[in-house]
Amino acid sequence: MTAALTYSAAFITFFSVVGPPKVLLAFGGLAQNHPVRELRMIALVSSGAAVVVGLLAGFTAPWLLELFHISTPALQLAGGVIFFIYAVGLVLGVHLGSDRADLDAPDLVSGVRELLMPYIVSPLAMTAVLIEAAARDTWSWRSTVVGAYVAVIALDLVCVVLLARVLRGTHHATIELFGRLLGLLLAAVGVDLVLDGLSALGVPGLERE
């Protein structure tokens, strides 16, 4: 029962940071420039890459943090700041980290490149994977964390494949509207993660309830 509860907690954590509500919007933007079949292929390749990154980060988390002398608060601060900058870009309609020239001739590579920051190497997701996996120094716990992460990525893939035609038919203005709204919410998440890091460092007045 305990194992089921810890798996559920990990699954909910990853669902909140890299689940379909956030991922579908990123694919919605790509759907405006890629046909349905290519969009599904992009989803498959990018999900596979996300799983590989998650597996490496999850199973090597303690050694990665030790190798680079990174504390959990520092990781929270870095992840929060990076994600805040990305979220502000969404709010302002600035597509950070993407090569807009690729949109003239969209292909599989350009599509996967567009998903590097929000999906394949999501700052929030990688921060969560590293922190959760390093919380207990056992292979069983790291397997639980990685399993929950992979399950969420698989759910993302299924949702994109099933909704590809819907995303393709959604008007660009609607995608832009939801993108800016989500950017506002994600900016708050980034700030919250930074506050968690500062609180863990013992900054006065930031004790979290």
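Here, every reference points to the structure presented above.
Residues numbered from 1 in each chain as written. Predicted model: local features only at pLDDT ≥ 70, side-chain atom pairs only at ≥ 80, totals over all residues. Heavy atoms only, no water.

A. View of helix α7 (residues 123-134). In a regular helix each residue adds 1.5 Å, so twelve residues correspond to 16 Å; α7 covers 16 Å between its end C-alpha atoms and thus fits that length. Burial analysis of α7 places nine of its twelve residues in the buried class, which makes it a mostly covered element. (Helix = DSSP H or I, 4+ residues; strand = E, 2+ residues; numbered from the N terminus. Expected span 1.5 Å × (residues − 1). Buried < 20%, exposed > 50% of the residue type's maximum accessible area, 1.4 Å probe, protein only.)

B. Spotlight on a nonpolar patch on the surface. There is a patch of nonpolar side chains on the surface, built from M41, L44, V45 and L108 and spanning about 310 Å² of accessible area. The element contributing the most residues to the nonpolar patch is helix α3 (residues 36-67), with three residues. Tracing the backbone through its elements, the reader meets L108 in helix α5 (residues 108-114). Its relative accessible area of 31% is what places L108 among the partly exposed residues. (Patch = residues over 30% accessible without salt bridge, like charges linked within 9 Å, V, L, I, M, F, W, Y side chains within 5 Å. Areas by Shrake-Rupley, 256 points an atom, 1.4 Å probe, with all protein chains shown as cover. Salt bridge = Lys/Arg side-chain N within 4 Å of Asp/Glu carboxyl O.)

C. Expanded view of the packing of aromatic side chains. One pass over the full model with this rule turns up five aromatic pairs. Note on F27 and Y119: the rings are 5.7 Å apart at their centroids and 75° apart in plane angle, and the pair reads as edge-to-face. Placement of F27 in helix α2 (residues 20-31) and of Y119 in helix α6 (residues 116-120) is noted, with a sequence separation of 92 residues between them. Plain terms: the ring middles of W63 and W139 are 5.8 Å apart, the flat faces sit at 35° to each other, and that makes the pair tilted. (Phe/Tyr/Trp six-rings, centres within 6.5 Å; stacked < 30°, edge-to-face > 60°.)

D. Examining the environment of T13 more closely. Looking at the element boundaries, T13 is found in helix α1 (residues 2-18). Classification of T13 as partly exposed rests on a relative accessible area of 25%. Linking T13 and A128, residues 115 residues apart in sequence, is a C-alpha distance of 7.7 Å. A polar contact of 2.9 Å, which involves the side chain of T13, links it to the backbone oxygen of A9. (Polar contact = N/O pair within 3.5 Å; in protein donor to acceptor, adjacent residues only side chain to side chain.)

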